[in-house]
Structures are given as C-alpha cells and as structure tokens.
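Next come the chains, spelled out residue by residue.
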Amino acid sequence: MRILGISAYYHDSAIALLENDRIVFALQEERLSRIKADSAFPKLSIEACLEYLSKTSNDDILRGGGGIRLH
C-alpha cells in the first residue's frame, strides 16, 4: 500500500511517500520553489513524486481518498 503524507500551510511544507511502511520518497517544497520556509501547498513536490513513480513503477493509476484519480 502507498500513502502520501502532505504537510502544508505551515512553514516548510513537504511530502513523504510511504510504500509498505517504508519511506520511498520525501521532499520539501522549498527545494523546488526556491522560497525559503515555503508554506504553500506542495504542488511541485507532488509533481516530482508522480514523476518518480512513473519511472519506477508499473502501476497505471494512483488513487487518493474516495477513489479520486490523481494520475
């Protein structure tokens, strides 16, 4: 199972992707936005995570809560 943890709207927004209880991808938004202590929704980090998954996974679809299609 994959879980995407999102921290946003507080200083240093970030994401972490867990797969079978292991961290496989984590990134702070400020690394991509170049804004120190960026508190915005981590859109760039999520996009980087989806790109990483597309290169490392055979799955066609990622799903969010309620079956919302993310990619």
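Overview of the structure. (Residues numbered from 1 in each chain as written. Predicted model: local features only at pLDDT ≥ 70, side-chain atom pairs only at ≥ 80, totals over all residues. Heavy atoms only, no water.)

**Quick word on the side chain of S45**
On the secondary structure map, S45 appears in helix α2 (residues 43–56). For S45, a relative accessible area of 0% corresponds to the buried category. Separated by 2.7 Å, the side chains of S45 and E29 make a polar contact. The residues touching S45, leaving out its near neighbours within four places in the chain, are I15, F25, L27, Q28, E29 and L32. (Helix = DSSP H or I, 4+ residues; strand = E, 2+ residues; numbered from the N terminus. Buried < 20%, exposed > 50% of the residue type's maximum accessible area, 1.4 Å probe, protein only. Polar contact = N/O pair within 3.5 Å; in protein donor to acceptor, adjacent residues only side chain to side chain. Contact = heavy atoms within 4.5 Å.)

**Digging into the sheet that holds strand β1 (residues 2–7)**
In spatial order, the strands read β1-β2-β3; together these three strands make up an open sheet with antiparallel pairing. Of all the strands in the sheet, just β1 and β3 (22–28) have a single pairing partner and so form its edges. Within the sheet, the average angular offset between the axes of one strand and its neighbour, ignoring direction, is 15°. When β1 meets strand β2 (residues 14–19), the two strands line up antiparallel, connected through six bridges. Along β2, the bridge assignment pairs I3 with L18. Docked against the sheet, α2 engages β1, β2 and β3, running at close to 140° with respect to β3. (Pairing = 2+ DSSP bridges. Axes fitted to C-alpha atoms, helices over the stretch in contact; angles between N-to-C directions.)

That's the geometry; what it means functionally is another story.
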